[in-house]
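# An overview of the molecular structure
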Amino acid sequence: MNKLLCFITTQQDNPEIVAEEALKGGTGMIQLRHKNASGHDLFTWALSIGKMCRRYGALFIVNDRLDIALAAGADGVHLGQNDLPIDVARKLLPSPSIIGCSVSSVHEALDAKQKGADYIGLGHIFPTGSKQKENAPLGPEYIRTVKQSVDIPLIAIGGIGLDNAREVMSNGADGLAVISAISSAVNPAEAARELAIIIEQT
């Protein structure tokens, strides 16, 4: 997995529009994440966004829902600490499929790698309003600590935008995952383009 920008869809009614704008700007991975949507809506969006990703040469990942990822032919799934275990998901997914795992410590990162994760999503790096957080931000320097222990790709997440993306990449991240930096931008495609340039240059 090369250095890339991942856009995680928002909790809005229809995530397809912003997803395509993100792809136009050079996003290399779309993660479909919508905690409150029905299975029917998720499947419909997954089929549509999956086609978009193939058209733009990007990866398509589904958050949490292995069933939706399988049904829609996604490239893989992203799992949290309380989701289906990585090794179980690996048995159910066709090969080759990508499994990402959310982590917030060296211990969780090591465990994710040992169980077969292809990449880790480390966060939250900075304060973020996307969802309630129990723990304090890790800070960009913590990326180096994790990278010293785990040799699979690390995608940083949490409060990342144009103002701090370069600092995150400079501390060793292999990619950035963002939500509001693209979805809340006046021009989502341009915001994605600027972030992708930072990732490429750092």
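Up top is the structure.
These numbers come from a predicted model, not from an experiment.

### Overview of helix H1 (residues 16-24)
Of all the positions in H1, only Glu16, Val18, Ala19, Ala22 and Leu23 are classed as buried. Buried positions in H1, seen along its axis, are confined to an arc of 165° and lie on one side of it. Note on H1: the residue one or two positions beyond its end, glycine 26, has a positive phi of about 105°.

### Structural notes on the pairing of strand S6 (residues 119-122)
Neither face of S6 is open: one carries Tyr119 and Gly121, the other Ile120 and Leu122, and all of them are buried. Pairing geometry for strand S5 (residues 98-103) and S6, over four bridges, is parallel. Counterpart to cysteine 101 in the pairing with S6 is isoleucine 120. Viewed along the sheet, the connection from S5 through helix H5 (residues 106-114) into S6 turns out right-handed. In this structure, S6 lies alongside strand S7 (residues 154-157), joined through three bridges in parallel fashion. Along S7, the bridge assignment pairs glycine 121 with isoleucine 155.

### Some words on unusual backbone geometry
With omega at 0°, the peptide bond leading from serine 95 into proline 96 counts as cis. Positionally, proline 96 belongs in the loop between helix H4 (86-92) and S5. For the peptide bond that leads from glycine 123 to histidine 124, omega is 0°, which places it in the cis range. Topologically, histidine 124 is positioned in the loop between S6 and helix H6 (142-147). Its identity as a non-glycine residue notwithstanding, aspartate 64 has a phi of 70°, on the positive side. For aspartate 64, the location among the structural elements is in the loop between strand S3 (59-63) and helix H3 (66-72).

Rules used throughout
Residues numbered from 1 in each chain as written. Predicted model: local features only at pLDDT ≥ 70, side-chain atom pairs only at ≥ 80, totals over all residues. Heavy atoms only, no water. Buried < 20%, exposed > 50% of the residue type's maximum accessible area, 1.4 Å probe, protein only. Helix = DSSP H or I, 4+ residues; strand = E, 2+ residues; numbered from the N terminus. Arc of directions from axis to C-beta. Pairing = 2+ DSSP bridges. Right-handed = clockwise from strand over helix to strand, strands pointing away.

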